[in-house]
Amino acid sequence: MHPPALEYLKWYHQTNVWKQVTWRGVRTLKLPSDMWNYQEIITGHGVGWVVETGSRHGGSALYFADLLRNSGAPGRVFSIDFRPALDPRAAADPLIDFITGDSADPAIAARILDGLPADRAPLFLILDSDHAAAHVRRELDLWAPRLRSGDYLVVEDTVVNGHPVRPDHGPGPMEAIRAFRADNPGLLIADPAREAKFGATFAREGYYLRA
Ligand SMILES: C[S@@+](CC[C@H](N)C(=O)[O-])C[C@H]1O[C@@H](n2cnc3c(N)ncnc32)[C@H](O)[C@@H]1O
């Protein structure tokens, strides 16, 4: 990221603006330029299914459901959280399956992925639950190998642990994705143009296509 974008990101994070973002009135803990990127990816890649780890208030799941609905996609949104705090407006959306549990639980991944049609449209997987490196690594080990060629992966909040925010965080998503890629060369294709498109992102080194 260019220095002005890094400064913007620090300001956006430190002032807690990211905690006050809403989608259709439901809290959504995101950077708007990432949301626009997700919209372009979901539309541009013909994405039909979304799996999100970390639901919190359900705003991001509602956003993804709206994108699928408006593009006429055949699929649904699966959003996993072991302690969600769902807004009733998101909880009521018929296109979202909110699943309570650990996002690194193989049984949950199997239940979701084994239930998809064999000829399914591409899937968009976004990791946004516990940001400790060990947990993100468990998620990557579980989910990434089971993606299909052409599916899309976003690892959110790689910016913590000083990249450039929350230097006090300790190893986080950035350290997890770097280690995963080193151990699984060729599995994921980085999408640096997508990452760079709007200058600032919460998902530095976080945009990938499954090879
Ligand atoms: C950053 S919030 C998700 C924000 C949401 N995706 C959004 O953009 O509005 C992270 C969520 O992950 C959940 N979480 C933390 N550890 C988890 C785990 N091991 N399994 C599932 N969810 C977890 C927390 O309960 C919290 O609600």
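Now for a description of the structure that goes with this document. Only a predicted model underlies this, so the values are computations on that prediction, with no experimental measurement involved. (Residues numbered from 1 in each chain as written. Predicted model: local features only at pLDDT ≥ 70, side-chain atom pairs only at ≥ 80, totals over all residues. Heavy atoms only, no water.)

The side-chain alternation of strand S7 (residues 152-155) yields two buried faces, one formed by Tyr152 and Val154 and the other by Leu153 and Val155. As defined by bridge partners, strand S6 (residues 123-127) adjoins S7 across four bridges and the pair is classed as parallel. Residue Ile126 lies in a different strand from S7, and its bridge partner there is Val154. At this point the chain moves from S6, through helix H6 (residues 133-143), to the parallel S7, and the crossover so formed is right-handed. Where S7 and strand S9 (residues 207-210) come together, three bridges link them in antiparallel fashion. Paired with Val154 across the two strands is Tyr207, which belongs to S9. (Buried < 20%, exposed > 50% of the residue type's maximum accessible area, 1.4 Å probe, protein only. Helix = DSSP H or I, 4+ residues; strand = E, 2+ residues; numbered from the N terminus. Pairing = 2+ DSSP bridges. Right-handed = clockwise from strand over helix to strand, strands pointing away.)

Reading across the sheet, the seven strands line up as S5-S4-S3-S6-S7-S9-S8 and stay open at both edges, with mixed pairing between neighbours. Two strands lie at the open edges of the sheet, namely strand S5 (96-100) and strand S8 (188-190), each paired on one side alone. If you compare each strand with its neighbour and ignore which way they point, the axes differ by 20° on average. Helix H7 (residues 173-183) contacts S7, S8 and S9 of the sheet and is inclined by roughly 120° relative to S8. (Axes fitted to C-alpha atoms, helices over the stretch in contact; angles between N-to-C directions. Contact = heavy atoms within 4.5 Å.)

On to the site of the ligand. As a structural note, the neighbourhood of the ligand is formed by 18 residues, with Leu29, Lys30, Gly54, Asp81 and Asp128 the closest of them. Here an oxygen atom of the ligand and a backbone polar atom of Leu29 are 2.9 Å apart. A distance of 2.6 Å separates an oxygen atom of the ligand from a polar atom in the side chain of Asp81. Relative to its unbound accessible surface of 610 Å², the ligand loses 93% to contact with the protein. Among the residues making up the shell around the ligand, the classes are represented as two nonpolar, eight polar and eight charged. (Near = heavy atom within 4 Å. Polar contact = N/O pair within 3.5 Å; in protein donor to acceptor, adjacent residues only side chain to side chain. Areas by Shrake-Rupley, 256 points an atom, 1.4 Å probe, with all protein chains shown as cover. Nonpolar A, V, L, I, M, F, W, Y, C, P; charged D, E, K, R; others polar.)

Before going further, it helps to spend a moment on the side chain of Ser55. Here Ser55 shows up in the loop between strand S3 (49-53) and helix H3 (59-71). The class for Ser55 is buried, based on a relative accessible area of 4%. The contact partners of Ser55, leaving out residues within four places of it in the chain, are Ser79, Ile80, Asp81, Leu86 and Phe98.

So, on to H7. Burial in H7 covers these residues: Pro173, Met174, Ala176, Ile177 and Phe180. Seen along its axis, H7 keeps its buried residues to an arc of 165°; they face one direction. What points out from H7, more than 90 degrees from its buried face, is the exposed set Ala182 and Asp183. The elements touched by buried residues of H7 are H6, S7, S8 and S9. (Arc of directions from axis to C-beta.)

Glancing now at unusual backbone geometry. Here the residue pair His163 and Pro164 is connected by a cis peptide bond, since its omega of 20° sits within 30 degrees of zero. Tracing the backbone shows Pro164 in the loop between S7 and H7. Its identity is not glycine, yet Arg56 carries a phi of approximately 45°, on the positive side. Tracing the backbone through its elements, the reader meets Arg56 in the loop between S3 and H3. We note that Glu205 has phi near 55°; this positive angle belongs to a residue other than glycine. In this structure, Glu205 sits in the loop between helix H8 (192-196) and S9. The partly exposed category is assigned to Glu205, whose relative accessible area is 30%.

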